[in-house]
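Structural overview for review
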Amino acid sequence: MSISIISLIWLTLWINMAQLQQGGPDEKEKTTALKDLLSRIDLDELMKKDEPPLEFPDTLEGFEYAFNEKGQLRHITTGEPFVFNAREDLHRWNQKRYEALGEVDATESEPKNFIFMSEDAMTNPDKLMVLIHGSGVVRAGQWARRLIINEDLDSGTQIPYIKRAMDEGYGVIVLNPNENYIEVEKTKSQVQLSSDGSDEPAEKRERKDKTFKEAKKRRDFYEKYRNPQKEKEMVPLYIRDNGSPEEHLIYVWDHFITHSAAENTFFVAHSYGGLAFVELMIQREADVKNKVTAVALTDSVHNVWHQEAGKTIREWMRENCCNWVSSSEPLDTSVESMLPDCPRVSAGTERHELTSWKSLPSIFKFFTEASEAKNSSLKASLTRRSHRIKHEEI
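Rules used in this analysis
Residues numbered from 1 in each chain as written. Predicted model: local features only at pLDDT ≥ 70, side-chain atom pairs only at ≥ 80, totals over all residues. Heavy atoms only, no water. Helix = DSSP H or I, 4+ residues; strand = E, 2+ residues; numbered from the N terminus. Buried < 20%, exposed > 50% of the residue type's maximum accessible area, 1.4 Å probe, protein only. Contact = heavy atoms within 4.5 Å. Pairing = 2+ DSSP bridges. Phe/Tyr/Trp six-rings, centres within 6.5 Å; stacked < 30°, edge-to-face > 60°. Lys NZ or Arg CZ within 6 Å of the ring centre and 35° of its normal. Polar contact = N/O pair within 3.5 Å; in protein donor to acceptor, adjacent residues only side chain to side chain. Salt bridge = Lys/Arg side-chain N within 4 Å of Asp/Glu carboxyl O. Axes fitted to C-alpha atoms, helices over the stretch in contact; angles between N-to-C directions. Parallel < 35°, antiparallel > 145°, perpendicular 65-115°, else oblique. Left-handed = near helix turned anticlockwise from the far one by under 90°. Nonpolar A, V, L, I, M, F, W, Y, C, P; charged D, E, K, R; others polar.

In the nomenclature of an unreviewed UniProt entry, the protein is known as ARB2 cotranscriptional regulator A of Monodelphis domestica.

And the structure:
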C-alpha cells in the first residue's frame, strides 16, 4: 500500500506530540510550540506538491470509459462503473478528475438526439410554446404517421401549431421524445459490458426494455419482408440522458426551457407526452410552477395515481391544465373525469390521433385567456402592493 508524503509528515508529527505530552513542564512547552508550528502549515500547498498535474483527457475514450447499450458509463476494459477514488489519498485530484469527466461532451461516435427551435425560442421575452408528441414511431414535428400518409400534413403534423404560434408571437420548441436509442450489431464486448446488473431503478429499466421490444417487434415485422436474409443480432444503444420520453423532456427542460427568456411558457402534449409532462412536474415541481403558465393535453394517457403525483401537483393541474379528449360530444363540451387533476373537455372527435388537430383553435384560445388571467392577477397584486406602500408612507 502506498503512503503519500503528507501522510508521513502527519504521522511523524503525531508521534512526536504523543511523546512530548507524556513528559514534564518543559515537554509541555515544546508541545505548545509544535502545535503552533502545525497551525502555520499550509495543507493545501502540501497536497498540491504531493499530487500529479491536474491535466485530464477531453474525451471519454481518453478516460477509458464509454456508454454501453443501456446508456450506462462503464470502463472499456473492465466493464466496471466509474470509480471516483482512482488514486488513494488524493481526494483533490480525484475530485478534479471527476469534474473534468463531467465536462466531456458527446463524442462523434456517441448516439445523439435533437430538437427543433425557432430562432427566438431562447430570447423571446413574452411567450414560448413547447410541443410534445405521443409514443410509437412518430418523431419530432409529427402527431400521427397514419394521418400524414392517409390524410394530410395539417392533421398529422405539428406544422399548423408552429405556424400559428409564430404568427402570434410565440417562440417554439419541438421535442423529439421517441428518439431514445440506435440499434447496433451485438458484439462480444457489448455482451460483457451489459452482463452486470443495472443500477437504474427497476421500473425505469422495465419501461426502457418494453419500449425497445415494442419498437423492435414492429420493425422486425416489416424487415423480414424487406430483408429476409438479415441474421445479425441487434441491441439498443441508448442516448445519454435521453433513454426514455421522460428523460428527454427533463433534459430539454434543464438545458433549454429553464434558460429561455419567456415570461410565459405553454405546453401542448399529446397522449404519452402528457404522462411525460406529469413526470416532469414530479421531478421539477417548483420550477415548473414558476415557469409554466398553462398546459394543453390532448387525449393524455397520464395517471396521477399510478405516477404518484402529490396533492400540490394535482391542485396546480386543476387550475392550469386542460385535457382535450376523444369524444362524440361537440368541441369544448365538458367530459366527466375519474381523476382528480385537470378538467377534461371534448376534442370534437372520437379519433385519438385527431385530437391535437381538432382542438387547435380552442388550445390557442385557452393559452390567450391563461396569459391574460396571469397578467391581470399580477397587476392586481402590484396594485395591492402599491396601496400598502402608500398607506405606510402616510
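1. Description of the overall build of the protein
Of regular secondary structure, the protein possesses 16 helices and 12 strands. Of all 394 residues assigned to the protein, the portion counted as buried reaches 41%. Excluding contacts between residues fewer than 6 apart, the proportion of contacts in the protein whose partners are at least 24 apart in sequence is 72%.

2. A few points about helix H11 (residues 245-255)
Most of H11 sits inside the fold, with 8 of its 11 residues counted as buried. Those residues of H11 not exposed but buried are Pro 245, Glu 246, Glu 247, His 248, Leu 249, Ile 250, Val 252 and Trp 253.

3. Concerning the sheet that holds strand S12 (residues 344-346)
Pairing between the strands of a sheet is mediated by backbone hydrogen bonds and can be parallel or antiparallel. Overall, mixed pairing links the 8 strands, which are arranged S3-S5-S4-S8-S9-S10-S12-S11 in an open sheet. Lying at the two open borders of the sheet, with one neighbouring strand each, are strand S3 (116-117) and strand S11 (334-335). Sheet topology places S11 next to S12; 2 bridges connect them, and they run antiparallel. Opposite Ser 334, over in S12, you have Val 345 as the bridge partner.

4. Remarks on the packing of aromatic side chains
Counted under the stated rule, the structure contains 15 aromatic pairs. Measuring from ring centre to ring centre gives 6.0 Å for Phe 82 and Tyr 98, while their planes differ by 40 degrees; the resulting arrangement is tilted. Of this pair, Phe 82 sits in the loop between strand S2 (73-75) and helix H5 (91-103) while Tyr 98 sits in helix H5; the two residues are 16 residues apart in sequence, bridging distant segments of the chain. Look at Phe 366 and Phe 367: their rings are 5.9 Å apart centre to centre, the planes differ by 40 degrees, and that puts the pair in the tilted class. Note on accessibility: Phe 366 and Phe 367 belong to one class, buried. Members of the aromatic cluster, joined through ring pairs, are Trp 143, Tyr 161, Tyr 170, Phe 266, Trp 324, Phe 364, Phe 366 and Phe 367. A cation over an aromatic ring shows up here: Arg 87 above the ring of Trp 93, its NZ or CZ 4.7 Å from the ring centre. Over the ring of Tyr 170 we find Lys 127, and its NZ or CZ is 4.1 Å from the ring centre.

5. Digging into the pairing of strand S9 (residues 292-298)
With 7 of 7 residues buried, S9 is to be regarded as a mostly interior element. Note that strand S8 (residues 264-270) and S9 share 6 bridges and pair parallel. When the sheet's bridge partners are listed, Val 268 is paired in S9 with Ala 296.

6. Looking at the side chain of Gln 142
Positionally, Gln 142 belongs in the loop between strand S4 (127-132) and helix H6 (145-150). At a separation of 2.9 Å, a polar atom in the side chain of Gln 142 contacts the main-chain amide nitrogen of Arg 139. A distance of 3.4 Å separates polar atoms of two side chains, one belonging to Gln 142 and the other to Arg 145. Beyond its immediate sequence surroundings of up to four residues, Gln 142 is in contact with His 133, Val 137, Ile 148, Gly 156, Thr 157 and Gln 158.

7. With respect to the pattern of salt bridges
Scanning all chains against the criterion turns up 7 salt bridges. Glu 168 is the salt-bridge partner of Arg 164, the closest N and O atoms lying 2.8 Å from each other. Overall, Arg 164 belongs to the partly exposed group, its relative accessible area being 30%. The exposure class assigned to Glu 168 is partly exposed, which follows from its relative accessible area of 31%. For Glu 353, the salt bridge goes to Arg 351, with nearest N and O atoms at 3.1 Å.

8. Side note on the environment of Val 252
Its place among the elements puts Val 252 in helix H11. The spatial distance from the C-alpha of Val 252 to the C-alpha of Asn 176 is 9.8 Å, given a sequence separation of 76 residues. Discounting residues that sit within four places of it in the chain, Val 252 has contacts with Ile 115, Ile 173, Leu 175 and Ile 257.

9. As for the packing of H11 against helix H12 (residues 272-283)
At a closest axis distance of 9 Å, the pairing of H11 and H12 adopts a crossing angle of 55 degrees. Comparing the axis directions of H11 and H12 gives the class oblique. Seen along the crossing, H11 lies across H12 with a hand that is right-handed. Note on element contacts: H12 touches H11 through Tyr 272, Leu 275, Ala 276, Phe 277, Glu 279, Leu 280 and Gln 283, opposite Pro 245, Glu 246, Leu 249, Ile 250 and Trp 253. Broken down by class, the residue content of the contact of H11 with H12 amounts to 9 nonpolar, 1 polar and 2 charged.

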